[in-house]
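Observations on chain architecture
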Amino acid sequence: MLLEVVTPDKKVFEGEASAVTFPGSDGEFQVLGNHAPMISSLGRGKMIIKASGKDEVVMIDGGVVEVLNNKVVVLAESVIED
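First, a word on scope: everything that follows refers to the structure included in this document. (Residues numbered from 1 in each chain as written. Predicted model: local features only at pLDDT ≥ 70, side-chain atom pairs only at ≥ 80, totals over all residues. Heavy atoms only, no water.)

Here the focus is the pairing of strand β4 (residues 27-32). Pairing between strand β3 (residues 19-24) and β4: 6 bridges, direction antiparallel. Looking at the pairing, Ala 19 lines up with Leu 32 of β4. Taking the residues that link successive antiparallel strands as the turn, the β3-β4 hairpin has 2 residues. (Pairing = 2+ DSSP bridges. Helix = DSSP H or I, 4+ residues; strand = E, 2+ residues; numbered from the N terminus.)

Here's what the structure looks like:
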């Protein structure tokens, strides 16, 4: 599935992902390929992107995710840098 992660300042990630785990506002959830359409709010926490056989962790500070037709768009409030 195609994943796009953007903040008001920049594009954080764009590419193919096999799975993404999100910090939902009501708890953690995961999206896989061919997931049903959905929109959900996100809380502060780790977003784990499984792509190219490895995990990439991005800390986000809230936002919204939309899943539609094997495309996942994350509009994050901000990315928390280490």
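Before going further, it helps to spend a moment on the sheet that holds strand β7 (residues 71-76). Taken together, the 7 strands give an open sheet; going across it, the order is β2-β1-β7-β6-β5-β3-β4, and neighbouring strands pair in mixed fashion. Each edge of the open sheet carries a strand with a single partner, namely β2 (11-16) and β4. Ignoring which end each strand starts from, the neighbouring axes of this sheet average 30° apart. Pairing analysis gives 5 bridges linking strand β1 (residues 2-6) to β2, with the strands arranged antiparallel. (Axes fitted to C-alpha atoms, helices over the stretch in contact; angles between N-to-C directions.)

Judged by side-chain polarity, Ile 39, Val 64 and Leu 75 come together as a nonpolar surface patch covering roughly 290 Å² of accessible area. In this structure Val 64 comes out as partly exposed when scored by relative accessible area, which is 38%. (Patch = residues over 30% accessible without salt bridge, like charges linked within 9 Å, V, L, I, M, F, W, Y side chains within 5 Å. Areas by Shrake-Rupley, 256 points an atom, 1.4 Å probe, with all protein chains shown as cover. Salt bridge = Lys/Arg side-chain N within 4 Å of Asp/Glu carboxyl O. Buried < 20%, exposed > 50% of the residue type's maximum accessible area, 1.4 Å probe, protein only.)

A few words on the nonpolar core. Leu 3, Phe 22, Met 47, Ile 49, Val 72 and Val 74 are the most contacted members of the largest nonpolar core, which has 20 residues in total. Elements with a contribution of two residues or more to this core: β1, β3, β4, β5 (38-51), β6 (54-68) and β7. Look past the residues within four positions of Met 47 in its chain and what remains in contact with it is Val 5, Val 20, Thr 21, Phe 22, Pro 23, Glu 56, Val 57, Val 58, Ile 60 and Val 74. (Core = buried A, V, L, I, M, F, W, Y, C linked by side-chain atoms within 4.5 Å. Contact = heavy atoms within 4.5 Å.)

In short, shape yes, function no, at least from these values alone.
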